[in-house]
Amino acid sequence: MKYGFTNILELIGSLGLFLFGMKVMSDALLRLAGNKMRSILATMTSNRFLGIATGFLITSVIQSSSATTLMVVSFSNASLLTLPEAISVIMGANIGTTITAWLITLLGFKVSMSSIALPLVGFGFLFTFSKKENTKNWGGFIIGFAILFIGLQFLKDAMPNIDENPQILEFLKQYTNAGFWSVLLFLLIGTILTLIIQSSSATMALTLIMTAQGWIPFELAAAMVLGENIGTTITANMAAIVANFQAKRTARAHLIFNILGVIWMLALFYPFLRMIGWTVQELGSPSPFVSAAAIPVAISLFHTVFNILNTFILVWFIKPISRLVEKMVTEIVAPDKAIEVPKYLDK
């Protein structure tokens, strides 16, 4: 596969477009952040379980956990969500993304946000002609949101086309017989692929293709799914690069939450897989350890049960996670302006 200097420039430009979209969206949110919007968000996330439900519902509707976490990072950047509230919404998003896995498994396709991004730019641009300041800001928010997804699409296209050419991964078959080392290797592969493709759903589809081809068994496909859970956090962390310390804390909390989940799952990996295999057989399918045709359903079930359990376990540790993140990302206090410098007036 040839990948030259032009492709690298396209990759950098795509990343720039993505970050620009994030900044436009965040700036518009800052201007929109009135008391009414604060009170609505406070009601939606007034406790950890409502926050989880909010994250789940949003992700289920828009079919992208990355979009939900990006929104949460933006809201944190605009000081509309506290860190514990943001963590609870991200937990719900992790459960919501399992709906996508079932759609891939049962329907074989996924609705792409990028297909409506360009019309959204036009729709948002119309709002900017309004004489009302709030309407203009909503237009800026819609444009930023759409540009972000256009940037993500360009980012996927600028990467080596791994998701459309799974044949290049056929060499992985020779690394499937090393016991638990194979599990760790495929966890790493799942993480790296998600970093490259910028979509855990696309990596999930790729994983299902590999199992259908008989390249990897059920346990290694499950390991890849765990890696995808870590890899998907890169989107929020990339978005937080241009954001303030509150957004950086939210993105870091997302990473810690997913890593903690992977750690406890690795400790119970084989018993948990046997439980999933037994459940699939009870539902009328053959064992995923024997039949490749049964693996997609088993993988989707594994993904769903793992994320629900992980949220149920770690929801009680939101405050300790918040304290850890606050130590990792220190608060940056804006310097006081001199008395003769205007405090509220800009250029």
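Residues numbered from 1 in each chain as written. Predicted model: local features only at pLDDT ≥ 70, side-chain atom pairs only at ≥ 80, totals over all residues. Heavy atoms only, no water.

Caption draft 1: View of the overall build of the protein chain. Counting secondary structure elements, the protein chain contains 15 helices and zero strands. For the protein chain, the proportion of contacts with a sequence separation of at least 24, taken over those separated by at least 6, is 80%. (Helix = DSSP H or I, 4+ residues; strand = E, 2+ residues; numbered from the N terminus. Contact = heavy atoms within 4.5 Å.)

Caption draft 2: Representation of the packing of aromatic side chains within the structure. Following the criterion strictly, the structure yields ten aromatic pairs and no others. For the ring pair F125 and F129, a centre distance of 5.1 Å and an interplane angle of 80 degrees mean the geometry is edge-to-face. When its relative accessible area of 46% is taken as the criterion, F125 is described as partly exposed. Relative accessible area serves as the criterion here: at 59%, F129 is assigned to the exposed category. A connected cluster of aromatic rings, assembled from ring pairs, spans W264, F272, F302 and F306. (Phe/Tyr/Trp six-rings, centres within 6.5 Å; stacked < 30°, edge-to-face > 60°. Buried < 20%, exposed > 50% of the residue type's maximum accessible area, 1.4 Å probe, protein only.)

Caption draft 3: Representation of the packing of helix α10 (residues 218–231) against helix α13 (residues 269–282) within the structure. The interhelical angle for the contact between α10 and α13, taken along N-to-C directions, is 110 degrees, at an axis separation of 11 Å. The orientation of α10 relative to α13 falls into the category roughly perpendicular. Both α10 and α13 take part in a crossing whose hand is right-handed. Two secondary-structure elements touch here, α10 through F218, E219, A222, A223 and L226 and α13 through F269, L273 and I276. Here the contact of α10 with α13 is composed, by residue class, of seven nonpolar, no polar and one charged. (Axes fitted to C-alpha atoms, helices over the stretch in contact; angles between N-to-C directions. Parallel < 35°, antiparallel > 145°, perpendicular 65-115°, else oblique. Left-handed = near helix turned anticlockwise from the far one by under 90°. Nonpolar A, V, L, I, M, F, W, Y, C, P; charged D, E, K, R; others polar.)

Caption draft 4: Fine view of the environment of N310. With respect to the helices and strands, the residue N310 is situated in helix α14 (residues 295–314). Remark: the alpha-carbon pair of N310 and L260, spanning 50 residues in sequence, is separated by 8.6 Å. Every residue in contact with N310, bar those within four places of it in the chain, is listed here: F257, G261 and W264. At 2.9 Å, the side chain of N310 and the side chain of W264 are in polar contact. (Polar contact = N/O pair within 3.5 Å; in protein donor to acceptor, adjacent residues only side chain to side chain.)

Caption draft 5: Quick look at the side chain of H254. Tracing the backbone shows H254 in helix α12 (residues 245–267). Ignoring sequence-local partners within four residues, the contact set of H254 consists of T69, I90, N94, T232, T233 and A236.

Caption draft 6: Fine view of a nonpolar patch on the surface. Taken together, the side chains of F49, L309, F312, I313, W316 and F317 make up a nonpolar region of the molecular surface, amounting to roughly 610 Å² of accessible area. When residues of the nonpolar patch are assigned to their parent elements, the largest contribution, three residues, is made by α14. As for its placement among the helices and strands, F49 is situated in helix α3 (residues 48–62). The partly exposed category is assigned to F49, whose relative accessible area is 46%. (Patch = residues over 30% accessible without salt bridge, like charges linked within 9 Å, V, L, I, M, F, W, Y side chains within 5 Å. Areas by Shrake-Rupley, 256 points an atom, 1.4 Å probe, with all protein chains shown as cover. Salt bridge = Lys/Arg side-chain N within 4 Å of Asp/Glu carboxyl O.)

Caption draft 7: Highlighting the nonpolar core. One finds L226, M265, F269, I276, I299 and F302 to be the most contacted residues of the largest nonpolar core, which totals 35 residues. When contributions to this core are tallied by element, the ones reaching two or more residues are α8 (180–197), α9 (200–212), α10, α12, α13 and α14. Looking at this core, the element that brings in the most residues is α10, giving nine residues. Residues in contact with F302, not counting those within four places in the same chain, are A222, V225, L226, M265, F272, L273 and I276. The next biggest cluster of nonpolar side chains, apart from the first, holds 24 residues, and it includes L19, L81, I90 and A146. (Core = buried A, V, L, I, M, F, W, Y, C linked by side-chain atoms within 4.5 Å.)

Caption draft 8: Representation of helix α15 (residues 318–328). Three or more residues of α15 are buried, namely I318, I321, S322 and V325. The arc that holds every buried residue of α15, seen down its axis, measures 100 degrees, which confines them to one face. What points out from α15, more than 90 degrees from its buried face, is the exposed set K319 and K327. (Arc of directions from axis to C-beta.)

Caption draft 9: Layout of the side chain of T311. Looking at the element boundaries, T311 is found in helix α14. Overall, the relative accessible area of 3% leaves T311 in the buried class. Separated by 3.0 Å, the side chain of T311 and the backbone oxygen of N307 make a polar contact.

Caption draft 10: Structural view of the packing of α10 against α12. For the pair α10 and α12, interaxial distance at closest approach is 8 Å and the crossing angle is 160 degrees. Taken together, α10 and α12 sit at an angle that is classed as roughly antiparallel. Here α10 runs over α12; the crossing is left-handed. Touching L226, N229 and I230 of α10 are L255, N258, I259, V262, M265 and L266, all from α12. Tallied by class, the residues present in the contact of α10 with α12 amount to seven nonpolar, two polar and no charged.

Nothing here speaks to function; it is geometry throughout.
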